[in-house]
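Architecture and fold: a report
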Amino acid sequence: MSHRELYCDVCEGVALFEAPPCVDGHGTDCPELVCTDCGAAVVVSAVAFPVTRLAARHRQPARRRAA
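Residues numbered from 1 in each chain as written. Predicted model: local features only at pLDDT ≥ 70, side-chain atom pairs only at ≥ 80, totals over all residues. Heavy atoms only, no water.

What follows is about the nonpolar core. Counting residues in hydrophobic clusters, the biggest one holds 8 residues: Cys8, Ala15, Phe17, Ala19, Cys30, Leu33, Cys35 and Ala40. The set of elements that each furnish at least two residues to this core consists of strand 2 (13–18) and strand 3 (32–35). (Core = buried A, V, L, I, M, F, W, Y, C linked by side-chain atoms within 4.5 Å. Buried < 20%, exposed > 50% of the residue type's maximum accessible area, 1.4 Å probe, protein only. Helix = DSSP H or I, 4+ residues; strand = E, 2+ residues; numbered from the N terminus.)

If you want it as C-alpha cells, here you go:
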C-alpha cells in the first residue's frame, strides 16, 4: 500500500491517504485512495490529451503583402 498526504474534504484538513488493494492491477500506482482517518474515497488521476497538428492542406499559405 502506498501512502500520501492530501487534503480531505470530510476531515477538513491534511490527512494520510492510502491505496487499498487494487483489483485492476495498478499496484502502488492505483488512482483510488482512501483517507485513513474518516474513510473518504478519492480518485486521483492525470488527464492527458493527445496533441494533434492541423494537416498541411488545411493551412492557408502565407501571403506577402506590399508595403
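From this point, the narrative continues.
Another aspect to go through is the environment of Cys30. On the secondary structure map, Cys30 appears in the loop between strand 2 and strand 3. By relative accessible area, Cys30 is classed as buried at 2%. If we ignore the near neighbours within four places in the chain, the residues touching Cys30 are Ala19 and Cys22. (Contact = heavy atoms within 4.5 Å.)

Sheet architecture is open: 4 strands sit in the order 1-2-3-4, paired in antiparallel fashion. Strands at the two margins of the open sheet, each flanked by one partner only, are strand 1 (3–8) and strand 4 (41–43). Recorded for the sheet is a direction-independent mean angle of 40° between the axes of neighbouring strands. Where strand 3 lies against strand 4, 3 bridges are found, and the strand directions are antiparallel. Paired with Leu33 across the strands is Val42, a residue of strand 4. (Pairing = 2+ DSSP bridges. Axes fitted to C-alpha atoms, helices over the stretch in contact; angles between N-to-C directions.)

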